[in-house]
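Each chain, letter by letter, is given below.
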Amino acid sequence: MPDEHGRAPVESSGEKYVEVEHFLSWHVSGALRRCTPPSAADRPGATTVLACVPGESHTLPLEVLAAALAERGLPVRMFGGALSAELLVTAVRRTGPAAVALWAQSRTTASRPVAAHVAAMEWGVRGARRKPVVLTIGPGWAGRAVTGLPRPTGLPRPTGLAEAVALLESVVSR
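None of the values given here were measured: they were computed from a predicted structure.

Any chance you could explain unusual backbone geometry here in plain terms?
Only a minority of non-glycine residues have a phi that is not negative, and only a minority of peptide bonds are not trans. Backbone geometry at Tyr17 places phi at a positive 70°, although glycine is not the residue there. Of note, Tyr17 is situated in the segment before α1 (18-35). Phi at Ala82 takes a positive value of approximately 55°, unusual for a residue other than glycine. Checked against the element boundaries, Ala82 lands in the loop between β2 (76-78) and α3 (85-95).

Here it is as structure tokens:
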């Protein structure tokens, strides 16, 4: 029920202060884009693709990762929230990245089939085909190992920004 000023009570929806989260995220995101050096030019096989999984709209953690990689001069392609599986696959195929980082904020958006499909993608000439290293990042992947892939331990799942940056630096510099 709206209050005397016509505002709907946020607390009744069970999502207290969500508007504050969106407000702050918008401004932090803008500050990151203003302060981040331009991304390095794409280098075949050396670019990192950063994307939210389908249904995921929280992009701020990926924007922080993009800024950290750009500071190190690493080429990055950042895609916005809720990228469909079809568009993600198209972007990976066109880019031919060394790595793909897939962000999931919640367990309901963490899609093992999407991550497995991207990890199995190949491109390049026969005899020299490449696959991306796929990182599953974000709290949505906790306890959700992506198995059944060529890598026996599943996909890398860094637990924080420093670990993700170090892993991506090592992958891109190979």
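Having seen the model, we can carry on.
What's the story with the packing of α3 against helix α4 (residues 112-120) in this structure? I'm lost.
To characterise two packed helices, one gives the angle between the axes of the helices and the distance between these axes. Taken N-terminus to C-terminus, the directions of α3 and α4 make an angle of 20°; their axes are 10 Å apart at the nearest point. Overall, the two elements α3 and α4 adopt an arrangement that is roughly parallel. When you trace α3 past α4, the crossing you get is right-handed. Note on element contacts: α4 touches α3 through Val114, His117 and Val118, opposite Ala85, Leu88, Val89 and Val92. Class assignment of the residues belonging to the contact of α3 with α4 gives a composition of six nonpolar, one polar and no charged.

Looking at this model, I keep getting lost on the nonpolar core. Mind explaining?
In summary, soluble globular proteins display a tendency toward joint burial of nonpolar side chains. Among the nonpolar cores identified, the biggest contains 22 residues, and Leu50, Leu65, Leu69 and Ile137 are the most heavily contacted of them. Residue assignment for this core shows that the elements contributing at least two residues are β1 (48-52), α2 (60-71), β3 (99-103), β4 (133-137) and α5 (161-172). In this structure Leu69 touches Thr48, Leu74, Val76, Val165 and Leu168, once residues within four positions along its chain are discounted. Membership of the second largest hydrophobic core comes to 20 residues, among which are Val100, Ala104, Trp123 and Val134.

Thresholds, definitions, all that
Residues numbered from 1 in each chain as written. Predicted model: local features only at pLDDT ≥ 70, side-chain atom pairs only at ≥ 80, totals over all residues. Heavy atoms only, no water. Helix = DSSP H or I, 4+ residues; strand = E, 2+ residues; numbered from the N terminus. Axes fitted to C-alpha atoms, helices over the stretch in contact; angles between N-to-C directions. Parallel < 35°, antiparallel > 145°, perpendicular 65-115°, else oblique. Left-handed = near helix turned anticlockwise from the far one by under 90°. Contact = heavy atoms within 4.5 Å. Nonpolar A, V, L, I, M, F, W, Y, C, P; charged D, E, K, R; others polar. Core = buried A, V, L, I, M, F, W, Y, C linked by side-chain atoms within 4.5 Å. Buried < 20%, exposed > 50% of the residue type's maximum accessible area, 1.4 Å probe, protein only.

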